[in-house]
Amino acid sequence: MKVVYLDNNATTKVADEVREAMLPYLSELYGNPSSMHTFGGQVHRNIEIAREQVAALINAEPEEIIFTSCGTESDNTALMSALLSRHDKKHIITTRVEHPAVLNFCKTTAREGYRVTFLPVDKGGRLNLEELRAALTDDTAVVSIMYANNESGVIFPIHDIADIVKSKGVPFHIDAVQATGKIPIDVKKLPCDMMSISGHKMHAAKGVAALYIKRGARFTPYIIGGHQEHGRRAGTENVASIVGFGVASDLAKKHLQTEGTRIQDLKDKLEQGLFNTCPDPRINGDMVNRLPNTTNISFEYVEGEAILLKLNEFNICASSGSACTSGSLEPSHVLRSMGVPFTAIHGSVRFSLSRYTTEEEIDFVLEKMPPIIKELRELSPYGTDLACH
Amino acid sequence: MWEYTDKVKDLFLHPKNVGEIDNPDAVGEVGSIVCGDALKLTLKIDRETNRITDAKFKTFGCASAIASSTALTELIKGKTLDEALNITNQDIAAFLGGLPREKMHCSVMGYEALEAAVANYRGEKPCEVEEGEIVCMCFGVTDQKIKRVIMENKLRTVEDVTNFTKAGGGCGGCIPDIEKILKEVWAEKVIEETVKPRKKLTNIQKIALIQETIEKEIRPLLQADNGDIELIDIDGSRVIISLRGTCTGCLMADVTVKNIEKKLKELVNEELVVEVE
Ligand code: FES
């Protein structure tokens, strides 16, 4: 059975063009880019082309991009650098809904004596910018806030946030892992010091990501060793993945220009369809400022893992914020921070689309989903008066 | 990814005994929507024989919670209340061909629903079932429950206590308390096992206890292997039995006798020796 992959915020399929571009580096072009000989040197040239391509996606300069191994490394590097560069400052501001790469980093520093402000969000997953303004102090070393949320898809007003942070002269890091490739980003118009982006969320391979470091921003490397990446990130480059990341950035940029609202329309169709066939679903998150590809829907009184496993029978891939799927016993920290009621939090399902998603796939999900919810609601001791049409 | 047995998957996709019995004789409700799983068990009970004639469930929860509910209802149907209460969460897990460790709490929930239903039938207040103080605020788990599950499942680590009861799986604030309970339980156990100050039994008490032990502890095990046991005589500290069914000629008979002896020594009296008639 064909896989219907609607879990693109977790990871994405490697684009054919990306794979083709990578293959030579997994066979004949195995040279070390740091070598003096032509054989290795030519590889280095292709890393630089990839750097230009990735930079172009967010309108940065190539020398403002360093390659890392994953989004988590980019996030950690950015925060570590900010703290080391301003070691007299002991305060960090972030949000409650960050990715664990930022959240747990901050929790760790909190144990080491840093004061961390975790800004709350409202029901729609939105920040209160006044609280951000009030939280900034002379002691603030860095502010790290995501561009768009991986679970709810909510997009933060990142330009306003950047203006507030920079008006206090505090370094600002943006975790843009979920936003890049999905919405246009222009760092020339966005006053931030660092930005994390990741390859495998935008049809590149796993194992490659990038950190944008604004020209002139203070930077202290995190991984120490050789002179790669101009001494800003040591370690032999993951050449194949980096080259693929470049191609993926190129493709993403093109699609952002030509694709228009196709993904958004498919997502709307999915949402609308589910609303028409299942009573009382609820969308978790701001309806206006949301990633075009993401919808997070709760079906009250049923449990998310059960929904996913039933979908799995039809090879439909999605994810859930329920406790049973979170890997711990507690449901998603994002949905809890948004105050999603417990009747709904365990029954949340996230569908995240990509440019490869087809209308037939959405129709297929719309056909399979209502009976699944109906069956599970019949099994449930709660909300017995609800059933799908 | 799910590491469920085929049996769990099958019973999740095709659950049995779903629903609610009209005018049930007993209702057991455990869990809550806040915690992420809940089970409502309804029973039909024959008042004469105390036998469960029908059992149905409604469950909110993940695949293993739903499969555990089917397992529970299948296991208790046709049993008397006392027989049913002898079922443990391990039996439920075994029925399913095993559960992932971190899902064992689903089997515990099944057992608790049964207990709650029986208490309801017998007119006890449900709160009498689970006494004790709340240790884990996040999931409302009491020290009594933690202790019981530790002993029944021989748990040694906090992680396992979380797997089986959820306690400790939220904010983690109760982990030190769980550690304390673990220490207490195993310290008590060690004392019990080494000194075990046993009351001297009268002859009648001893015979009764031997009979009970054979009925409750030994016979079910043998029956599971198509065997059976009969108590012939008790002469001082000699317990004379006869084995039936597949046990008799089986090469394992010796081992079986040794095991029976061990059980009786452990539960009744150190001096007992078992002989086959
Ligand atoms: S009190 Fe037990 S996990 Fe929070």
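Numbering of residues starts from 1 in each chain and follows the order in which that chain's sequence is written. Lettering for chains starts from A, numbering for ligands starts from 1, and both go in the order in which the items are written. Per-residue local features are limited, in this predicted model, to residues with pLDDT of at least 70; the limit for side-chain atom pairs, both in listing and counting, is 80 or more; totals at the level of whole chains, interfaces and linings are taken over all residues. Here the side-chain values reflect all heavy atoms present in the structure, with hydrogen atoms and water set aside.

A word on the interface of chain B and chain A. Two residues form a contact once any of their heavy atoms are found within 4.5 Å. Contact residues are listed per partner, giving 33 residues for chain B and 23 residues for chain A. Summed over both partners, the interface of chain B with chain A buries about 2,300 Å², with 71% contributed by carbon and sulfur atoms. For this analysis, a salt bridge means a side-chain nitrogen from Lys or Arg found within 4 Å of a carboxyl oxygen belonging to Asp or Glu. Along the contact surface separating chain B from chain A lie 1 salt bridge. A salt bridge links A:Glu305 to B:Lys103, with the shortest nitrogen-to-oxygen separation between them at 2.7 Å. Secondary structure counts use DSSP, requiring at least four H or I residues in a row for a helix and at least two E residues in a row for a strand, with both numbered from the N terminus. Element by element, the count of residues in the side of chain B that touches chain A is highest for strand E3 (residues 51-60) of chain B, at 4 residues. Reported buried area values correspond to the accessible surface (1.4 Å probe) lost by two parts on association, with both partners' losses combined.

Attention shifts here to the nonpolar core. Judged by nonpolar contacts, the single largest core of 88 residues is most densely connected at A:Phe299, A:Ile307, A:Phe351 and B:Ile76. Residue contributions to this core peak at 10 residues, all from helix H5 (residues 104-121) of chain B. Residues in contact with A:Phe299, not counting those within four places in the same chain, are A:Leu274, A:Cys278, A:Pro281, A:Ile307, A:Gly347, A:Val349, A:Met369, A:Ile373 and A:Arg377. The nonpolar core is taken to be a set of buried Ala, Val, Leu, Ile, Met, Phe, Trp, Tyr and Cys residues, with the residues joined through side-chain atoms within 4.5 Å. Each residue is placed in one exposure class: buried if its accessible area under a 1.4 Å probe, protein chains only, is under 20% of its type's maximum, exposed if it is over 50%, and partly exposed if it falls in between. Core analysis: the next-biggest nonpolar cluster, separate from the first, contains 70 residues, A:Tyr25, A:Ala55, A:Ile65 and A:Ile183 among them.

Turning next to the packing of helix H3 (residues 71-85) of chain A against helix H4 (residues 100-111) of chain A. Residue and element names in this part refer to chain A. Axis definition: a line fitted to C-alpha atoms, limited for helices to the stretch in contact. Angles are taken between N-to-C directions and run from 0 to 180 degrees. For the pair H3 and H4, the least separation of the axes is 9 Å and the interaxial angle reads 35 degrees. Like other packed secondary-structure pairs, H3 and H4 cross with a definite hand, here right-handed. Mapping the contact onto sequence places Thr72, Asp75, Asn76, Leu79, Met80 and Leu83 in H3 and Ala101, Val102, Phe105 and Thr109 in H4. Class assignment of the residues belonging to the contact of H3 with H4 gives a composition of 6 nonpolar, 3 polar and 1 charged. The crossing is said to be left-handed when, going from far helix to near helix, the turn is anticlockwise and less than a right angle, and right-handed when the turn is clockwise. Residue polarity follows a fixed list, in which Ala, Val, Leu, Ile, Met, Phe, Trp, Tyr, Cys and Pro are nonpolar, Asp, Glu, Lys and Arg are charged, and the others, Gly among them, are polar.

Next up on the list: the packing of helix H9 (residues 304-313) of chain A against helix H12 (residues 359-379) of chain A. All names here are of chain A. Running from N to C, H9 and H12 cross one another at 135 degrees; their axes reach a closest spacing of 10 Å. Considering the angle they form, H9 stands oblique to H12. When you trace H9 past H12, the crossing you get is right-handed. Between H9 and H12, the contacting residues are Ala306, Ile307, Lys310 and Leu311 on the first element and Met369, Ile372, Ile373, Glu375 and Leu376 on the second. By residue class, the composition of the contact of H9 with H12 is 7 nonpolar, no polar and 2 charged. With respect to orientation, any angle under 35 degrees is reported as roughly parallel, any angle over 145 as roughly antiparallel, any angle of 65 to 115 as roughly perpendicular, and every other angle as oblique.

The next point concerns empty space enclosed by the protein. In this approach, a probe sized like a water molecule rolls over the atoms, and the result shows the empty space that is left. In this analysis a 1.4 Å probe is tested at points of a 1 Å grid over the protein atoms alone, and where it fits but cannot get out there is a cavity; an open set with protein on both sides within 12 Å along at least five of seven lines is a pocket; lining residues have an atom within 4 Å of a point. Grid points are joined across faces, edges and corners, and a volume is the space filled by probe spheres set on the points. Considering all chains together, one arrives at 2 cavities of 30 Å³ or more under this definition. Taken together, A:Tyr301, A:Val302, A:Glu303, A:Ala306, A:Leu376, A:Leu379, A:Ser380, B:Thr59, B:Phe60, B:Gly61 and B:Ile66 make up the full set of residues lining the largest cavity. Considered class by class, the residues forming the lining of the largest cavity number 7 nonpolar, 3 polar and 1 charged. Considering only enclosed or pocket space, the second largest cavity measures out at about 30 Å³ in volume. Lining the second largest cavity, in full, are A:Ala323, A:Cys324, A:Leu329, B:Cys35, B:Gly36, B:Asp37, B:His105 and B:Lys166.

Let us now look at the confidence of the model for chain B. As a general rule, the predicted coordinates of low-pLDDT regions are not to be interpreted in detail. Residue and element names in this part refer to chain B. Mean pLDDT over chain B: 85, with 88% of residues reaching 70 or higher. Confidence drops under a pLDDT of 50 for residues 247-251, and excluding neighbours within four residues, the segment shows 6 contacts in the predicted structure. As scored by the predictor, the complex reaches a pTM of 0.81 and an ipTM of 0.83. pLDDT expresses how confident the predictor is about each individual residue, on a scale running from 0 to 100.

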